[in-house]
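# Geometric and topological summary
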Amino acid sequence: MRTSKEYRKCLNMQKGKTIGIVYIFRGENALGYKHYECWEGDVISSWIHAVEEIGGLPLIMDARTFCEKAMNGTLPHLDYVINLNNGTYDISVLGLVTSVCAFLKLPCIPGNTLTTVTGENKQISNMLAEIIGIKIPNNMSKAEAGGIVRPIGLGSSIGVRRIKSFEETTEKPDNSCLYQEFIEGFDFTTPLLYDPISSSLSCLPAVMYIPDSTSPDWFLGEIQKREHSGYKKTSVRIQKNLSDLYVCMAHVINVSTYCRIDARFRCKSIDEVQVAERNGIPFEKAYFMEINPMPTIKNNINFCTSVENLTDESPFYFAYSEYMDFHYGCGTSMGFILSCSIQSIEDAIPKC
């Protein structure tokens, strides 16, 4: 465990570092680089401000420029790289920036190629979750009525849909999709982040989505996620046995900085949510959906909201309060997340 003095020394040592922010240029026309989503200026600017907040020097370039400069030896000095290459239809392409970073021994945030590609494949992550002991929805061998379909390699709830009627079951299952039972209840997401005080990965407060209808038959679909409509969010903690399993899941795919786990809280009414808000979400009611090793992080979105909902009961509270005090109360959750990620990388370097 770090003391306040030791932690502040770490924060001082992060100053002056050059941090590359590698994003997707929308004009890129490589055949294998087709995207269903590109993080835009709001995400990029949030990271730029975070780099400047911790005293770093941001260097922004698109993925092709980064790779070309890396290969021809003209890449400026970088201490770390923030990888914003997300949302490709081909999961393999998500490993482009991370693999170049590995080739040059450049620390990459949030993770390496193994972490990114393994985590983004819902079929693999569901198999791993089940092996670890996390509950997953029952798999279906065909598109049975009452189930839910999730594309294996797409994020942002794209292509997620219910199969409600008998007529819809006549279609042939797509091998690129995951067919599972639909869990009655509500969606919730749990961010995980490296704690620079305990030097370990820990769970932040979970965020649960409560639909305006309060119907447990609702799920967070593509439209609702894109338009941020039809629901409200509430902060809820998860019980320790579930938290321990989530940390184990993250370790299995080599997450060292941050990630997010999405799940369903099994229940039949909104009343059970109120019980969970008091007592925490228990293991037996949480059903894994996916782990996201490259979650969207920007100001005023789930990950940052979770950080801002920390209380003095959370193991993260000391680090967050120390970070904010170090920045004279002007620090942000984005800066804190970046600082924790850098400390994770630094702590992993063998000390002579």
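The structure reproduced in this document is the subject of the present report.

Rules used throughout
- Throughout this document, residue positions are counted from 1 along each chain, in the order its sequence is written.
- The model is predicted, so local features are restricted to residues of pLDDT at least 70 and side-chain atom pairs to those at 80 or more, both for listing and for counting; the totals for chains, interfaces and linings are taken over all residues.
- Note that water and hydrogens are dropped before the side-chain values are worked out from all heavy atoms of the structure.
- Numbered from the N terminus, helices here are DSSP runs of H or I no shorter than four residues, and strands are runs of E no shorter than two.
- Atoms considered for the radius of gyration are the C-alpha atoms alone. The globule rule reads 2.2 Å times the number of residues to the power 0.38.
- By definition, residues are in contact when any of their heavy atoms lie within 4.5 Å.
- An axis is simply a line fitted to the C-alpha atoms; with a helix, the fit covers only the stretch in contact. Between two such axes, the angle follows the N-to-C directions and lies from 0 to 180 degrees.
- The labels follow the angle: roughly parallel below 35 degrees, roughly antiparallel above 145, roughly perpendicular from 65 to 115, and oblique for the rest.
- Note on residue classes: Ala, Val, Leu, Ile, Met, Phe, Trp, Tyr, Cys and Pro are nonpolar, Asp, Glu, Lys and Arg are charged, and everything else, Gly too, is polar.
- Crossing handedness: left-handed means the near helix sits turned counterclockwise from the far one by under a right angle, and right-handed means the same turn made clockwise.

Here the focus is the overall build of the protein. Summing up its helical and strand segments, the protein has 12 helices and 13 strands in all. For the protein, the C-alpha radius of gyration of 20 Å lies close to 20 Å, the compact-globule estimate for 352 residues. Overall size of the protein, expressed as C-alpha extent along the three principal axes, is 60 × 50 × 35 Å. Expressed as a percentage of contacts within the protein between residues at least 6 apart in sequence, the contacts between residues at least 24 apart total 75%.

The contact between helix α5 (residues 113-120) and helix α6 (residues 122-132) brings their axes to 5 Å, and the two run at 90 degrees. Taken together, the axes of α5 and α6 are roughly perpendicular relative to one another. Contacts from Thr118, Gly119 and Glu120 of α5 reach α6 at Lys122, Ile124, Ser125 and Leu128. Grouping the amino acids of the contact of α5 with α6 by side-chain chemistry returns two nonpolar, three polar and two charged.

Two elements in contact, helix α3 (residues 63-72) and helix α4 (residues 96-104), have axes whose closest approach is 10 Å; the angle formed by their N-to-C orientations is 20 degrees. Looking at the two axes, α3 sits roughly parallel to α4. Handedness of the crossing formed by α3 with α4: left-handed. Every residue of α4 that contacts α3 at Ala63, Phe66, Cys67, Ala70 and Met71 is listed here: Leu96, Val97, Val100, Cys101, Phe103 and Leu104. Residue composition of the contact of α3 with α4, grouped by class: 11 nonpolar, no polar and no charged.

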